[in-house]
4 protein chains.
Amino acid sequence: MNYILKIACKDEPGLIYKISKILYENGLNIEKNSEFVDNENKRFFLRALLSGELNVDEIVNSLKKELPKNSYIYLTKKRKKKIVIMATKESHCLGDILLKHCSKEMNAEILAVISNYDKLRSLSEKFNIPYYFISHENLTRREHEDKILKILEKFDLDFIVLAKYMRILSSEFVKHYEERIINIHHSFLPAFIGANPYKQAYERGVKIIGATAHFVNDNLDEGPIITQDVIHVDHEYSWRDMQKAGRNVEKVVLSRALDLVFEDRIFVYANKTIIF
Amino acid sequence: MNYILKIACKDEPGLIYKISKILYENGLNIEKNSEFVDNENKRFFLRALLSGELNVDEIVNSLKKELPKNSYIYLTKKRKKKIVIMATKESHCLGDILLKHCSKEMNAEILAVISNYDKLRSLSEKFNIPYYFISHENLTRREHEDKILKILEKFDLDFIVLAKYMRILSSEFVKHYEERIINIHHSFLPAFIGANPYKQAYERGVKIIGATAHFVNDNLDEGPIITQDVIHVDHEYSWRDMQKAGRNVEKVVLSRALDLVFEDRIFVYANKTIIF
Amino acid sequence: MNYILKIACKDEPGLIYKISKILYENGLNIEKNSEFVDNENKRFFLRALLSGELNVDEIVNSLKKELPKNSYIYLTKKRKKKIVIMATKESHCLGDILLKHCSKEMNAEILAVISNYDKLRSLSEKFNIPYYFISHENLTRREHEDKILKILEKFDLDFIVLAKYMRILSSEFVKHYEERIINIHHSFLPAFIGANPYKQAYERGVKIIGATAHFVNDNLDEGPIITQDVIHVDHEYSWRDMQKAGRNVEKVVLSRALDLVFEDRIFVYANKTIIF
Amino acid sequence: MNYILKIACKDEPGLIYKISKILYENGLNIEKNSEFVDNENKRFFLRALLSGELNVDEIVNSLKKELPKNSYIYLTKKRKKKIVIMATKESHCLGDILLKHCSKEMNAEILAVISNYDKLRSLSEKFNIPYYFISHENLTRREHEDKILKILEKFDLDFIVLAKYMRILSSEFVKHYEERIINIHHSFLPAFIGANPYKQAYERGVKIIGATAHFVNDNLDEGPIITQDVIHVDHEYSWRDMQKAGRNVEKVVLSRALDLVFEDRIFVYANKTIIF
């Protein structure tokens, strides 16, 4: 049986010794082990892949006794994550996720797609994923989000993936799913904010366009960055060409971020990610 | 004999025909030809490499007669550009340029290095380049720039290369060398402005750092972009590691930009570059 | 109305003048124009985007009169290309093409999917594309290819896309569709040939894996290269991880190549591509 | 005081526990720790950065007692590596190393430059590095290498850097410095072997050129790969343009590899590298 152990705590001498002692004495094998010390914040991070038979509560309790107070200890069987995807009108990220899900390349089970338009229903239903169309028209943000929350609450979900969901989420909404909402953002933040960033980038004459996948916190588009990438463009690109090229980066960057999230490879601390 | 022809003018039907007719009737061979029409601004750009014997004034006059009013016509023998480098304390960009100059890989002749510190003298003089140390201490910006201008005026120079020159140039200074000053800028603009951008980038937890080479106009760091590139970083990078990695990108990006500039491959229009 | 003009011929003085004269005198506007002279082979290549009203035969005849003998002249209205996709068992490239086709991001119409397995039927039919399962079992290569050819002949097709079709095509087969079959190839040729190249790459300890999209000629995997790209890997990658990462590059590289092919942006000469 | 500990041994349960116990009981702090298990070869690799006061022999002996037989144990103070550079005629890699050495960005001390030509003397001596010109003319390979070995033996060196040294080294020579010679290789192996690989790549019409830095073993150009990278080229590149572009990749890839080597971040096993 395979387990994932994640620990984050105040750094102090002997942590690796204490942790590996408990694992060793419980007959667990460490298949893979990664550590990082954030020297600035004096904080220790460890992620291990364990094999063997274990009682989760017992191990967690043993660790708690040895580790500093308020340590973050996460121990779980390796398993598929349960996700809900939120989207608006664009299909490139949603389609890519559906395809990977369908060919079993994604360590996740898609429970539903929620959109504020009805445009992606046919795509979602091709892959037998339930589609919820929740229009935002004539609703306040609060009313719209409440409707979405009512659907989300039906699911025992691990993560929400914003696959080009083009509406701002309120702090209240985000608080329900802290560090559990992943977003993909066009271009480089905060360079070109607001409507039509590709047009802004075009007008600035950039030679590179990029995408950023990040966790959502209450500060729009400012959450902890997971992955970023870019492609080169030149003067022959209209802003629509940039947007088209941008879509390719967006879907690749989001896909890489999701792989990392679904394998429990990420820690969030001080608005940054540590990725093993 | 090899010549470079650059034309920029209002777009209208028949431009290529009219231009190629003149070249053909003057017995010139077009070795390489690039065109671009900026459809948004209705503007036509052409760069051609010509071989044959020609009288520059005659060809330019013939072109003037056929082309729209106020056309930009640039016709010159292929030749090494004359440059002055301005730097401050960091040696990575300056050193890279000096090396390429020394191994004859750069289509330019370095006339001088000017710095507001005396730190790079030994490096410059290793390569037999005259070094001018013009401290900015106890001087107003105007006084300091006047001193620099006095030196620059001694040279018949084509371009000024800011190889990590860390002081802001005034509009007045820039006006003397419009579209002739090339700068290399850390990171992505305008994401992290001001002091220590690498520290800002580190604190934001970026996964990519980059560099931008651009022409300098009177709006600091906002001039037409020539080249950009990035490298990937991760949570193990301290801000000093990012800075070190950034230096490698900076020197490569500046080097590529200079190759393009020195080969007359760039047009500037509407604060953007067209690069052939 | 928009047209694409492609010319390839022996290089000689005045070609651009002669061509642009004909276009100008026929009232055609050159929206975009690209030229290249292969100095080694003394060969001239031109691709232009024309707008205006024209009679294709008239223009081609006028050009024929002015251009060297045996010139390649291609003039056509801009239009969607008609394609047939051949695949085997892997879905990543096929799925990516189907998605882009579905969201109208691909300048092509998919007529059919042909496979030597029945595994991709459900995926193809989700997107309403006819699926032909032609098993190769108990058939000679010739017999198998004849069966495929019989299906292909039913279609008025422009290109065949090998989206991870894992069987070698005979010279006879290829001759039917010269410069009209596009393939995507794992890794870098000819570094790791034969079965399981990712395992070979893993055993060699490579730090980069890549993909190559190319036209198929009768020399297996040696046809003219269209696009290539790579991603970085490290010692943590098993060969299966490499294969998974490789799939992402493969689909992106093939997708870029298809965009170029379907927009008539490629010339093939001397087993190389010139791409405008 | 800072130390680097590297361990490689047969994988078995409890290794991390046993190692961290010894370190903890000796009052050493683990500043950074990386592990990797090669599951295929059942081999364990660990690299740790230690701070504290220690007696190297004592710690190594304690580790030896606890670890499997024949374990590789390397424990050393952090220190600059001593290197000799071998080159031929091209200056780009040598120059880059000299510059980084001069600006103190390289964790190494350059003891000498050895070349089979006299061409790089002036460059080396600009930076005050002793230059040994050992012509290979009229000498057998053995005689030439013996002359070089005689010089090398004068130095207490850690690594030999082949900065575009264009002669094949014999197995005998290599055996003197096993896993201590680093080479930079044009292009991708074994794609284009032999004279003028850039010309071969040009003729093949590649769209990517690359460089590989690797340790030298007795199988020419087949040693363990350290770093690789590529850049994109197109049909406008002559083979000389490719070579020029290739030089930029070569120097960057070699520079990255040297950083890793000089920081003791590399293990070699089964002709591959594990890099922490």
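Residues numbered from 1 in each chain as written. Chains lettered and ligands numbered in written order. Predicted model: local features only at pLDDT ≥ 70, side-chain atom pairs only at ≥ 80, totals over all residues.

Novice: Would you mind going over the overall build of chain A with me for this structure?
Specialist: Per the secondary structure count, chain A includes eight helices and 13 strands. What you see for chain A is a C-alpha radius of gyration of 21 Å, in line with the 19 Å of a compact globule of 276 residues. With the C-alpha coordinates aligned to their principal axes, the bounding extent of chain A is approximately 60 × 40 × 35 Å. Here chain A holds 276 residues, and the buried ones make up 43% of them. (Helix = DSSP H or I, 4+ residues; strand = E, 2+ residues; numbered from the N terminus. Rg over C-alpha atoms; globule rule 2.2 N^0.38 Å. Buried ≥ 20, exposed ≤ 12 C-beta atoms within 10 Å, placed from the backbone.)

Novice: Any chance you could explain the nonpolar core here in plain terms?
Specialist: One broad trend across soluble globular proteins is that nonpolar side chains are buried collectively. One finds Ala163 of chain A, Ala163 of chain B, Ala163 of chain C together with Ala163 of chain D to be the most contacted residues of the largest nonpolar core, which totals 312 residues. With residues near it in sequence (within four places) discarded, alanine 163 of chain A still touches Ile85, Met86, Ala87, Cys93, Leu94, Ile97, Ile184 and Leu254 of chain A. (Core = buried A, V, L, I, M, F, W, Y, C linked by C-beta atoms within 7 Å. Contact = placed C-beta atoms within 7 Å.)

Novice: Which parts of the structure should I look at to understand the sheet that holds strand β11 (residues 225–232) of chain A?
Specialist: Hydrogen bonds along the backbone pair up the strands of a sheet, which may run parallel or antiparallel. All names here are of chain A. In space, the seven strands of this open sheet follow the order β7-β6-β5-β8-β9-β10-β11, with mixed pairing throughout. Of all the strands in the sheet, the pair left with one neighbour each is β7 (131–133) and β11. Within this sheet the neighbouring strands show an average axis-to-axis angle of 20°, counted without direction. Bridge analysis of strand β5 (residues 81–87) against strand β6 (residues 108–115) gives seven bridges, and the strand direction is parallel. Across the sheet, the residue bridging to isoleucine 85 is valine 113, located in β6. (Pairing = 2+ DSSP bridges. Axes fitted to C-alpha atoms, helices over the stretch in contact; angles between N-to-C directions.)

Novice: Mind showing me how you'd approach the relation of the copies chain B and chain D here?
Specialist: Two chain copies, one operation linking them: a rotation about an axis together with a shift along it. Taken as rigid bodies, chain B and chain D are interconverted by a rotation of 180° and an axial shift of 0.0 Å, the fit giving an RMSD of 0.0 Å. In short, the pair behaves as if placed about a two-fold rotation axis. Residue lysine 126 of chain B of chain B places its C-alpha closer to the rotation axis than any other residue of that unit, at 2.8 Å. Of all interface residues in chain B, 100% are interface residues in chain D too; the two copies therefore contact each other through one and the same surface. (Least-squares fit on C-alpha atoms with pLDDT ≥ 70 in both.)

Novice: Even after reading the chapter, I still don't get the interface of chain A and chain B, so can you show me in this structure?
Specialist: Accessible area lost on assembly of the parts is the figure often given for the size of an interface. Chain A puts 22 residues into the contact, and the matching count from chain B is 21 residues. Of all elements in the fold, only β11 and β13 (272–275) of chain A reach the threshold of two or more residues within the side of chain A that touches chain B. A per-class count over the side of chain A that touches chain B returns 12 nonpolar, six polar and four charged. (Nonpolar A, V, L, I, M, F, W, Y, C, P; charged D, E, K, R; others polar.)

Novice: I would appreciate a short explanation of the interface of chain B and chain D in the present structure.
Specialist: Taken together, the contact pairs 10 residues of chain B with 10 residues of chain D. When residues of the side of chain B that touches chain D are traced back to their parent elements, those giving at least two are α3 (92–102) and α8 (239–262) of chain B. When grouped by side-chain class, the residues that make up the side of chain B that touches chain D number two nonpolar, five polar and three charged.

Novice: When you look at the environment of lysine 89 of chain C in this model, what are you seeing that I'm missing?
Specialist: Mapped onto the elements, lysine 89 of chain C comes out in the loop between β5 (81–87) and α3 (92–102). Classification of lysine 89 of chain C by C-beta neighbours within 10 Å gives partly exposed; the count is 14.

Novice: Explain the sheet that holds strand β9 (residues 181–186) of chain D here, please?
Specialist: All names here are of chain D. The strand order across the open sheet built from seven strands is β7-β6-β5-β8-β9-β10-β11, with neighbouring strands paired in mixed fashion. Since the sheet does not close on itself, it has two edges, and those belong to β7 (131–133) and β11 (225–232), each with one partner. On average, each strand axis in the sheet is tilted by 20° relative to the strand beside it, whichever way the strands run. Here strand β5 (residues 81–87) pairs with strand β8 (residues 159–162) via four bridges, running parallel. Note that in β8 the partner of valine 84 across the bridge is isoleucine 160.

Novice: For this particular structure, what's the right way to read the domain arrangement of chain A?
Specialist: Residue and element names in this part refer to chain A. Taken as a whole, chain A is organised into domain 1 (2–77) and domain 2 (81–275). Computed from C-alpha coordinates alone, the two centres of domain 1 and domain 2 are separated by 32 Å. At the level of secondary structure, the elements contributing two or more residues to the side of domain 1 that touches domain 2 comprise β1 (2–10), β2 (29–38) and β3 (43–51). For the side of domain 1 that touches domain 2, a count of residues per class yields four nonpolar, one polar and four charged. (Domains from an automatic or database assignment.)

Novice: Would you take a moment to explain unusual backbone geometry for this structure?
Specialist: Most peptide bonds are trans, and most residues other than glycine sit at a negative phi. Residue and element names in this part refer to chain A. Phi is positive for aspartate 264, which is not a glycine, with a value near 55°. Within the secondary structure, aspartate 264 sits in the loop between α8 (239–262) and β12 (266–269). Aspartate 264 sits in the buried class, given 20 other C-beta atoms within 10 Å.

Novice: How should helix α5 (residues 141–153) of chain C be read in this particular structure?
Specialist: Since there are 3.6 residues in each turn of an α-helix, residues three or four apart along the chain are aligned in direction. Residues and elements named next belong to chain C. Over its 13 residues, α5 runs 18 Å from end to end, which matches the ideal 18 Å to within 8%, given 1.5 Å per residue. Among the residues of α5, those classed as buried are Glu145, Ile148 and Leu152. Projected down its long axis, α5 shows its buried positions confined to an angular sector of 60°, all on one face. Residues of α5 that are exposed and point over 90 degrees away from its buried face: Glu143, Lys150 and Glu153. Buried residues along α5 sit against β5, β6 (108–115) and α6 (171–176). (Expected span 1.5 Å × (residues − 1). Arc of directions from axis to C-beta.)

Novice: Mind showing me how you'd approach the packing of helix α1 (residues 15–25) of chain B against helix α2 (residues 56–66) of chain B here?
Specialist: In helix packing, the relevant descriptors are the interaxial angle and the interaxial distance, both defined with respect to the helix axes. Residue and element names in this part refer to chain B. Remark: α1 packs on α2, axes separated minimally by 10 Å, with the N-to-C direction vectors making an angle of 155°. The angle between the axes of α1 and α2 places the two elements in the roughly antiparallel class. In the crossing of α1 with α2, the sense of the turn from one axis to the other is right-handed. On the side of α1, the interface is formed by Lys18, Ile19 and Ile22, while α2 contributes Ile59, Ser62, Leu63 and Glu66. Residue composition of the contact of α1 with α2, grouped by class: four nonpolar, one polar and two charged. (Parallel < 35°, antiparallel > 145°, perpendicular 65-115°, else oblique. Left-handed = near helix turned anticlockwise from the far one by under 90°.)

Novice: Please clarify how helix α5 (residues 141–152) of chain A should be interpreted in this entry.
Specialist: End to end, α5 of chain A covers 16 Å across 12 residues, agreeing with the expected 16 Å (1.5 Å per residue, within 8%). As for α5 of chain A, its buried residues are in contact with β5, β6 and α6 (171–176) of chain A.

Novice: Can you help me understand the pairing of strand β12 (residues 266–269) of chain B in this one?
Specialist: Residue and element names in this part refer to chain B. Sheet topology places β12 next to strand β13 (residues 272–275); four bridges connect them, and they run antiparallel. Pairing of phenylalanine 267 across the sheet is with isoleucine 274, part of β13. A loop of two residues connects β12 with β13, the two strands running antiparallel in sequence, and alanine 270 in this loop sits at a positive phi of about 55°.

Novice: Explain the environment of arginine 141 of chain C here, please?
Specialist: Here arginine 141 of chain C lies in helix α5. The spacing of arginine 141 of chain C and arginine 167 of chain C is 26 residues in sequence and 9.2 Å in space, taken between C-alpha atoms.

Novice: I would appreciate a short explanation of the packing of helix α1 (residues 15–25) of chain A against helix α1 (residues 15–25) of chain D in the present structure.
Specialist: In contact at an axis separation of 8 Å, α1 of chain A and α1 of chain D are set at 145° when each is read in the N-to-C sense. With respect to the hand of their crossing, α1 of chain A and α1 of chain D are arranged in left-handed fashion. Here Ile16, Tyr17, Ser20, Lys21 and Tyr24 of chain A of α1 of chain A come into contact with α1 of chain D, specifically with Ile16, Tyr17, Ser20, Lys21 and Tyr24 of chain D. In terms of residue class, the contact of α1 of chain A with α1 of chain D is made up of six nonpolar, two polar and two charged.

Novice: Is there a simple way to think about the confidence of the model for chain A in this case?
Specialist: Keep in mind that low pLDDT regions are not for reading the predicted coordinates in detail. Put simply, chain A has an average pLDDT of 94, and 97% of its residues get 70 or more. Both scores are given for the predicted complex: the pTM is 0.95, the ipTM 0.91. (pLDDT = per-residue confidence, 0-100.)

Novice: Before we go on, may I ask you to explain the environment of leucine 50 of chain B in this structure?
Specialist: All names here are of chain B. Within the secondary structure, leucine 50 sits in strand β3 (residues 43–51). Among the residues examined, leucine 50 registers 21 C-beta atoms within 10 Å and is labelled buried. Sequence separation of leucine 50 and leucine 5 is 45 residues, and the distance between their C-alpha atoms is 7.3 Å. Aside from chain neighbours lying at most four places away, what touches leucine 50 is Tyr3, Leu5, Leu23, Leu28, Asn29, Ile30 and Glu31.

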